[in-house]
Amino acid sequence: RNKRKGNKRNECKFIRRKGRRHNACRKCDKGGSLVECHTCLAVYHLKCANTMPVNVLDKEVIWRCEGCVQEDGPTGCSYAKFDDNREKQHRQNNMARKQHTTITRKSVMDQQGSIQMHDTCSRTGQPIGKVLHVPQQVEEFINTILQGEIVYSHPDGHCLRRSIAKIYNLHPGVVIQYMRKKCAKLMQAQTYMHCEQNQTWYETVQQRPKEWDALRNNIPDTCVQQEWGNSSEIQLWSIITGEVITVLDIDQQQAVTYLPDLEANDMAHSRKRKRDRVWKYARATPLHLVGGEHQKYVDQGDKTPRYMIYGQAHYSGIIYDHRAKEEEKASGGGSGIGRQDEE
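Figured I'd write up the structure that's included with this text. Keep in mind it's a predicted model, so treat the numbers as computed, not measured.

Rules behind the numbers
Residue positions are counted from 1 within each chain, in the order its sequence is given. Reporting of local features is limited, given that this is a predicted model, to residues whose pLDDT is at least 70; pairs of side-chain atoms are given and counted only at 80 or more, and all residues count toward the totals for whole chains, interfaces and linings. Think of the side-chain values as coming from all heavy atoms in the structure, minus any hydrogens and water. By the criteria applied, helices consist of DSSP H or I runs no shorter than four residues and strands consist of E runs no shorter than two, each listed in order from the N terminus. Burial status follows relative accessibility: with a 1.4 Å probe on protein chains alone, a residue under 20% of its type maximum counts as buried, one over 50% as exposed, and anything between as partly exposed. Note on contacts: a residue pair qualifies if any of its non-hydrogen atoms lie within 4.5 Å across the two residues. Only the protein chains shown count as covering a residue, and every accessible area follows the Shrake-Rupley method with a 1.4 Å probe. What counts as an axis is a line fitted to C-alpha atoms, over the stretch in contact for a helix, and the angles between N-to-C directions run from 0 to 180 degrees. When an angle is under 35 degrees it counts as roughly parallel; over 145 it counts as roughly antiparallel; between 65 and 115 it counts as roughly perpendicular; any other value is oblique. What makes a crossing left-handed is the near helix being turned counterclockwise from the far one by less than a right angle; a clockwise turn instead makes it right-handed. For this scheme, ten residues count as nonpolar: Ala, Val, Leu, Ile, Met, Phe, Trp, Tyr, Cys and Pro. Four count as charged, namely Asp, Glu, Lys and Arg, and the remainder, Gly too, count as polar. A pair of strands is considered paired only if DSSP assigns at least 2 bridges between the two. Arc definition: it is the arc formed by the directions from the helix axis to the C-beta atoms. Here, a salt bridge means any Lys or Arg side-chain nitrogen found within 4 Å of an Asp or Glu carboxyl oxygen.

**Considerations on the overall build of the chain**
Tallying secondary structure elements over the chain gives nine helices and 14 strands in all. The buried share of the chain, reckoned over its 343 residues, is 46%. Of all intrachain contacts in the chain linking residues separated by at least 6 positions in sequence, the fraction that spans at least 24 positions is 63%. Put simply, the chain shows about 19100 Å² of open surface, and 46% of that area lies on carbon and sulfur atoms.

**Regarding unusual backbone geometry**
Residues other than glycine predominantly adopt negative phi, and peptide bonds predominantly adopt the trans conformation. Even without a glycine there, the phi angle at Asp29 is positive, about 60°. Within the secondary structure, Asp29 sits in the loop between strand S2 (8-9) and strand S3 (34-36). A relative accessible area of 15% places Asp29 in the buried class. In the Ramachandran plot, His133 falls in the positive-phi region, its phi being about 55° despite a non-glycine side chain.

**A few points about the packing of helix H5 (residues 172-188) against helix H6 (residues 199-206)**
Running from N to C, H5 and H6 point in directions that differ by 140°, and their axes come no closer than 8 Å. Relative to H6, the element H5 lies oblique. Two packed elements cross with a definite hand, and for H5 against H6 that hand is left-handed. From H5, Met179, Arg180, Cys183, Ala184, Leu186 and Met187 reach across to H6, where they touch Gln199, Trp201, Tyr202, Glu203, Val205 and Gln206. Per-class residue counts for the contact of H5 with H6 are eight nonpolar, two polar and two charged.

**With respect to helix H4 (residues 159-167)**
For H4, the buried fraction is high: nine of the nine residues fall into the buried class. Within the sequence span of H4, burial applies to Cys159, Leu160, Arg161, Arg162, Ser163, Ile164, Ala165, Lys166 and Ile167. The elements touched by buried residues of H4 are strand S5 (149-151), H5, helix H7 (231-241), strand S12 (306-311) and strand S13 (314-319). Phi for Asn169, located one or two positions after H4, is positive at around 60°.

**Digging into the side chain of His154**
Examined against the element boundaries, His154 turns out to sit in the loop between S5 and H4. Given the relative accessible area of 5%, His154 is considered buried. Among residues more than four places away in sequence, those in contact with His154 are Asp119, Thr120, Ile128, Cys159, Arg162, Asn218, Ile219, Pro220 and His314.

**Regarding the pairing of strand S8 (residues 254-258)**
Taken residue by residue, a regular strand's side chains alternate between the two faces of the sheet. Taken across its five residues, S8 has four buried, putting it largely inside the fold. Taken together, the five bridges between strand S7 (residues 245-249) and S8 define a ladder with antiparallel strand orientation. Across the sheet, residue Thr246 finds its bridge partner in S8, namely Thr257. The antiparallel hairpin formed by S7 and S8 contains four residues in its connecting segment, where Gln253 sits at a positive phi of about 55°.

**Some details on the environment of Pro155**
Examined against the element boundaries, Pro155 turns out to sit in the loop between S5 and H4. Residue Pro155 is classed as exposed on the basis of its relative accessible area of 54%. Note: C-alpha distance between Pro155 and His314 (159 residues apart in sequence) is 7.0 Å. Contact partners of Pro155, with chain neighbours within four places excluded, come to Ile128, Gly129 and His314.

**Some details on helix H3 (residues 136-146)**
Among the residues making up H3, those that are buried are Val138, Phe141, Ile142 and Leu146. Buried residues of H3 fall within an arc of 90° about the axis and therefore sit on the same side. In H3, the exposed residues that point more than 90 degrees away from the buried face are Gln136 and Thr144. Those residues of H3 hidden inside the fold are in contact with S5, S7, helix H8 (290-299), S12 and S13. Two residues or fewer past H3, Gln147 is found with a positive phi of approximately 55°.

**Some thoughts on the pattern of salt bridges**
Scanning the entire structure with this criterion turns up ten salt bridges. The shortest N-O distance in the salt bridge between Glu293 and Lys296 comes to 3.2 Å. Of this pair, Glu293 and Lys296 both sit in helix H8, three residues apart, roughly one helical turn. Accessibility expressed as a relative area gives 21% for Glu293, which makes it partly exposed. Here Lys296 falls in the partly exposed class, since its relative accessible area comes to 44%.

Geometry only, nothing functional implied.
Listed below in structure tokens is the structure:
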């Protein structure tokens, strides 16, 4: 996957993350002409990221956001060009890349050679935050149909945000930032989710502690029970991403699917706001039917849902290649340059 230009080989070792990115800049939360991070879902305007090479729009140039660089090491793109003030720092980063990447990969690769995404106990190094007593039918669905796995999340009160973050290859602090910004927009537009029409909830999400923005994977940071994530946050994230999210609730023996669809309805409890926009809430199906529901998405050629599992007051994410069919269908389309334009 390393691109060549003439006889020069790109020394960047990072594989491009497949699939569509977010449609708003991570820094200013606005659309427009955006540059994609090579290894995550983030997109930025040229003016909003100070780590981009001056020739970032060239096809052969690979750019990764600051968060990915901090987590996995410098990009090391051979074709990237920087201004004089940053050229020295760029050379130093490239010199440190090989050592940093070796250490990082050694710490996250398991014996089979796949990325180890589980949160672990700092004392024993063993995975922590497992949903217990998963029914056999659910295990078969995850292992056979999805061909995925459950990833463990610290049971520190942020397990829902951590699970979302793992599914989307983000840190939980970034998830919290997206939710805060979305709630601010909904309140400004007087738009409320059908499942959560209490304005206090939106204010609470918007006013969450700023230190939560720094929450990172595999670093526990306990919050009180009143601050735990709930189903309204799942619905909110479905709207943010525009994707369907299904939670396998083993306590209630049902699969709850959250939809990002938008519809206009009258709100019976509010006479001041007419024709307020309201998002549809989730739908629930018996847990043993989840395989059939998933197959409907596949048969229709639709993007399959993201999945989480819930049990014993704990959430865990489910990782699987949910874009494989969509990408196969869409192969050959798009420029592949790594930029998005506002429709």
